[in-house]
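Chain by chain, the residues:
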Amino acid sequence: MKPTINTPVPGPNAAKIVERDTAALMTSTKTSPIAAKSARGVWVEDVDGNTFLDLTAGIGVVNVGHSHPKVVAAVKDQADKMFHFAGTDFYYDVQVSFAERLAAALPGNFDRKVFFTNSGTESNEAAIKIAKHATGRQQFIGFIGAFHGRTIGSMGFTASKPTQKKGFFPWMPGVTHVPFPNPYRNVWGIDGYEDPAELTTKALDYIEGAFQTMLAPEDVAAIWFEPVQGEGGYVVPPMDFYPKLARLAADHGILMAADEVQTGFGRTGKMFGQEHYGLESDIVMMAKGIANGMPMGAVAARAELDFTRMGAHSNTYGGNLMACASGIATLDVLQTEGLVDNAATVGAYFKRRLTELADKHDCIGDVRGLGLMLASDFVKDRRSKEPAPKIANGVVSEGMKRGLVLLPCGKSAVRYIPPLCITQEEVEVAIAILDEAIAVASA
Ligand SMILES: Cc1ncc(COP(=O)(O)O)c(C=O)c1O
């Protein structure tokens, strides 16, 4: 199957929706004027009858594919029984079952407890309170380039683009940001692909230096990290960085808080991104792919980190019946239909084909990522690595005209995060369109 584009995008029906949306909805982060009507698997149909190959999955959400029949059936069945009952105040089996299933799916042979939220940022907010409450400490370490959300607490950690924070001070104080060991572009000018060990050493030395100059380690509650930096540009650190960081944290009684909002639920070719590094993080923040499109998030923490008093934290919608039913069905599909393995194998194939595109187009400086969390970084010049956001944005819009749904990330990258059911043939369709889109955007 190939995309079918019959009208300019937006077509006449989409244009009307875009106009009404602009008038009715607050300014957010709109990227492309694609107005969806329906979707299945990796294919999206818009309101003008155009079909697109979706390389965004609702920003890394519909991991098992749009409207997977088993997830649809579970949600319909739950809707017939009950929508909502307030799982923080009362009891029902679907919520307990999902919490048990989530805890069992996470790496680590220890007891975990779960708190359900409604989004990624809310999972981060809850995790901040868990870390503060459990340790009695108030300070945190976060990474430059990180994205953890846009609310006042999570924004304290977010450090990928100034627009996310401009004019909103004060956000939560107490986060010391340290440089991330980005192999492609880092403050030390190290080629981290050639010399990952040196990059790891430099990044850890920086933190040790901070402990000796400006931040008492015994004040630090947790280190906040993304297994693969997402919004900041799909950056994979050297493989030994996180294990060494975890040992450093343990030496000082500091918790490791893994933000798996984007890397979770099979996205990177393993159920959770931290599994690539053998990590078993104390606190794990989740959302996006957790329920395949039902608004939901969760935090799972070591059982001993649980709140010790009622009312320290709660919410209204967390553990909503519909979202839990969708989450259980999503986990069933991920664990029985081979989609995590598909993300690993088709992801490796996709990355190889993207690397071949980079051999052809000088404007691609780097191809990176794990599983089906991939990106191409566009540059003005390969030697200086100067970002070329115009080319990246051009690829997104030229791709759209030819039937791809795409999103940028970082300063000048385009990300590829399709539903995990994408096939090698569909990757070939994407590559052919990207080839054309890159040629036009960089001309
Ligand atoms: C790693 C990470 N954490 C947190 C968030 C925030 O999630 P949400 O938009 O659901 O609040 C995102 C969203 O992109 C994310 O990628």
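Owing to the predicted nature of the structure, the values given are computational and were not obtained by experimental measurement.

Asker: Could you give me a rundown of helix H7 (residues 241–251), with the residues and numbers involved?
Answerer: All buried positions along H7 are accounted for by Phe241, Tyr242, Leu245, Leu248 and Ala249. Buried residues of H7 fall within an arc of 115° about the axis and therefore sit on the same side. Relative to its buried face, H7 has exposed residues pointing more than 90 degrees away, namely Arg247, Ala250 and Asp251. Summarising the contacts, the buried residues of H7 are in contact with strand S5 (139–143), helix H6 (196–213), strand S7 (220–225) and strand S8 (255–259).

Asker: Talk me through the domain arrangement of the protein chain; I want residue IDs and the actual numbers.
Answerer: Structurally, the protein chain comprises domain 1 (70–336) and domain 2 (338–414 + 423–443). Its C-alpha centre places domain 1 at a distance of 27 Å from the equivalent point of domain 2. Listed as interface residues are 27 residues of domain 1 and, on the opposing side, 23 residues of domain 2. Across the domain 1 to domain 2 interface the summed buried area is about 2,000 Å²; carbon plus sulfur atoms make up 62%. If you sort the residues of domain 1 by the area they bury against domain 2, Tyr184, Arg185 and Tyr234 come out on top, with a joint share of 36%. Linking domain 1 with domain 2 are one salt bridge. Across the contact surface, domain 1 and domain 2 share 10 residue pairs in polar contact (both at pLDDT 80 or more). When grouped by side-chain class, the residues that make up the side of domain 1 that touches domain 2 number 11 nonpolar, 11 polar and five charged.

Asker: Outline the layout of surface pockets, listing residues and values.
Answerer: Here the second largest pocket defines a volume of roughly 920 Å³. If you trace the second largest pocket, you find 30 residues lining it, with Gly87, Thr88, Val114, Phe115 and Asp306 closest to the centre. Residues of the lining of the second largest pocket, tallied by class, amount to 16 nonpolar, eight polar and six charged.

Asker: An account of the sheet that holds strand S4 (residues 112–117) is requested, with residue identities and associated values reported.
Answerer: Strands sit in the order S4-S10-S9-S8-S7-S5-S6 across an open sheet of seven strands; the sheet is mixed. Here the strands that pair on one side only, and so sit at the sheet edges, are S4 and strand S6 (175–178). For this sheet, the mean angle separating the axes of adjacent strands, direction not counted, is 20°. Where H7 meets the sheet, it contacts S5, S7 and S8, and its direction lies at approximately 145° from that of S8.

Asker: So what's going on with the site of the ligand? Residues and values would help.
Answerer: Every residue near the ligand is listed here: Ser119, Gly120, Thr121, Asn124, Phe147, His148, Gly149, Glu226, Asp259, Val261, Gln262 and Lys288. The backbone of Gly120 places a nitrogen or oxygen atom 2.8 Å from an oxygen atom of the ligand. At 3.2 Å from an oxygen atom of the ligand is found a side-chain nitrogen or oxygen belonging to Lys288. Starting from 390 Å² of accessible surface for the ligand in isolation, the protein chains cover 81%. A total of three residues in the shell around the ligand trace back to one element, the largest contributor, which is helix H5 (residues 120–135).

The rules behind these values
- Residues numbered from 1 in each chain as written.
- Predicted model: local features only at pLDDT ≥ 70, side-chain atom pairs only at ≥ 80, totals over all residues.
- Heavy atoms only, no water.
- Buried < 20%, exposed > 50% of the residue type's maximum accessible area, 1.4 Å probe, protein only.
- Helix = DSSP H or I, 4+ residues; strand = E, 2+ residues; numbered from the N terminus.
- Arc of directions from axis to C-beta.
- Contact = heavy atoms within 4.5 Å.
- Domains from an automatic or database assignment.
- Buried area = accessible area lost by both parts, 1.4 Å probe.
- Salt bridge = Lys/Arg side-chain N within 4 Å of Asp/Glu carboxyl O.
- Polar contact = N/O pair within 3.5 Å; in protein donor to acceptor, adjacent residues only side chain to side chain.
- Nonpolar A, V, L, I, M, F, W, Y, C, P; charged D, E, K, R; others polar.
- 1 Å grid on protein atoms, 1.4 Å probe; cavity = no way out; pocket = protein on both sides within 12 Å on 5 of 7 lines; lining within 4 Å.
- Points joined across faces, edges and corners; volume = space filled by probe spheres on them.
- Pairing = 2+ DSSP bridges.
- Axes fitted to C-alpha atoms, helices over the stretch in contact; angles between N-to-C directions.
- Near = heavy atom within 4 Å.
- Areas by Shrake-Rupley, 256 points an atom, 1.4 Å probe, with all protein chains shown as cover.

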